[in-house]
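Fold and contact review
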Amino acid sequence: MDNLEKSEVVISKIISVLMDYGVQAADLQFHELELEADFQPFFFSCVEWLRDEGLIRTGEISKTMGGGGIVVNPVLTAYGLSALGRRFSSEGMDLVSDAVRQVADSKRSYSQAGDFIGGLLGGLTKSLGS
């Protein structure tokens, strides 16, 4: 699995956990994603990417020297929730939230499967742009 595919899985797991949390105060740590340790270096970068793209809102992002840390009060934004309800234009049938769950549950890479060009990251970006 290359780094882009690992990023897809981590982003999908983060979004999946936040979908389960709903809109409530909760903290997020890497171990809650239930992924192997080789995914940990992507955790904070993916959280920051999701925040910078406007999909999530967070309080403090606190990192420790050992690579651990905590994300305080992450929550999907209205924009993020809206994006999850959109359909992929290339597929016409799958909701972004369904794709997120499939990638998170199976660690399946959409870019590898060819279901849409550019994988989940490209699909999310394309969906958000429309």
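Here is a short report on the structure shown in this document. (Residues numbered from 1 in each chain as written. Predicted model: local features only at pLDDT ≥ 70, side-chain atom pairs only at ≥ 80, totals over all residues. Heavy atoms only, no water.)

With respect to the overall build of the chain
A count of helices and strands for the chain gives six helices and four strands. Reading the secondary structure of the chain in the N-to-C direction produces α-α-β-β-β-β-α-α-α-α. Out of the 130 residues in the chain, the part that is buried amounts to 43%. Considering only intrachain contacts with a sequence separation of at least 6, the fraction spanning at least 24 residues in the chain is 56%. When the accessible area of the chain is evaluated, it comes to approximately 6500 Å², of which 51% is carbon and sulfur surface. (Helix = DSSP H or I, 4+ residues; strand = E, 2+ residues; numbered from the N terminus. Buried < 20%, exposed > 50% of the residue type's maximum accessible area, 1.4 Å probe, protein only. Contact = heavy atoms within 4.5 Å. Areas by Shrake-Rupley, 256 points an atom, 1.4 Å probe, with all protein chains shown as cover.)

Structural notes on the packing of aromatic side chains
The description of two aromatic rings rests on the distance between their centres and on the angle between their planes. Summed over the entire model, instances satisfying the criterion amount to two aromatic pairs. Ring plane angle 70° and centroid distance 5.9 Å describe the contact between Phe30 and Phe43, whose orientation is recorded as edge-to-face. In this pair, Phe30 sits in the loop between helix H1 (3–21) and helix H2 (43–52) while Phe43 sits in helix H2, placing the two residues 13 residues apart along the sequence. For Phe30, a relative accessible area of 10% puts it in the buried group. (Phe/Tyr/Trp six-rings, centres within 6.5 Å; stacked < 30°, edge-to-face > 60°.)

As for unusual backbone geometry
Of note, the phi angle at Glu34 is positive, near 55°, even though the residue is not glycine. Residue placement: Glu34 occurs in the loop between H1 and H2. Note on Glu34: relative accessible area 64%, which makes it exposed. In this structure, Asn73 takes a positive phi of about 50° despite not being glycine. One can find Asn73 in the loop between strand S3 (69–71) and strand S4 (75–76).

Some points on the packing of H1 against H2
Packing of H1 against H2 leaves a shortest axis separation of 9 Å and a crossing angle of 65°. At the point where H1 passes H2, the crossing takes the right-handed sense. On the side of H1, the interface is formed by Ser7, Val10, Ile11, Ile14 and Ile15, while H2 contributes Phe43, Cys46, Val47, Trp49 and Leu50. Looking at the contact of H1 with H2, its residues break down into nine nonpolar, one polar and no charged. (Axes fitted to C-alpha atoms, helices over the stretch in contact; angles between N-to-C directions. Left-handed = near helix turned anticlockwise from the far one by under 90°. Nonpolar A, V, L, I, M, F, W, Y, C, P; charged D, E, K, R; others polar.)

Re H2
Residues of H2 that are buried include every one of Phe43, Phe44, Cys46, Val47 and Leu50, and no others. End-on view of H2: buried residues confined to an arc of 160°, all on one side of the axis. Two residues or fewer after H2 comes Gly54, characterised by a positive phi angle close to 85°. (Arc of directions from axis to C-beta.)

Here we look at the environment of Gly59
Along the chain, the position of Gly59 falls in the loop between strand S1 (56–57) and strand S2 (61–63). Considering only alpha carbons, one finds Gly59 and Val75, 16 residues apart in sequence, at a separation of 9.3 Å. If near-sequence neighbours (up to four positions away) are discounted, Gly59 is found in contact with Val72 and Asn73.

Section: H1
With 19 residues, H1 extends 27 Å between its outermost C-alpha atoms, agreeing within 8% with the 27 Å of an ideal straight helix rising 1.5 Å per residue. Measuring from the backbone nitrogen of Leu4 back to the side-chain oxygen at the start of H1 gives 3.2 Å, which picks out Asp2 as the cap. A positive backbone phi angle near 70° is found at Gly22, which sits one or two residues after H1. (Expected span 1.5 Å × (residues − 1). Polar contact = N/O pair within 3.5 Å; in protein donor to acceptor, adjacent residues only side chain to side chain.)

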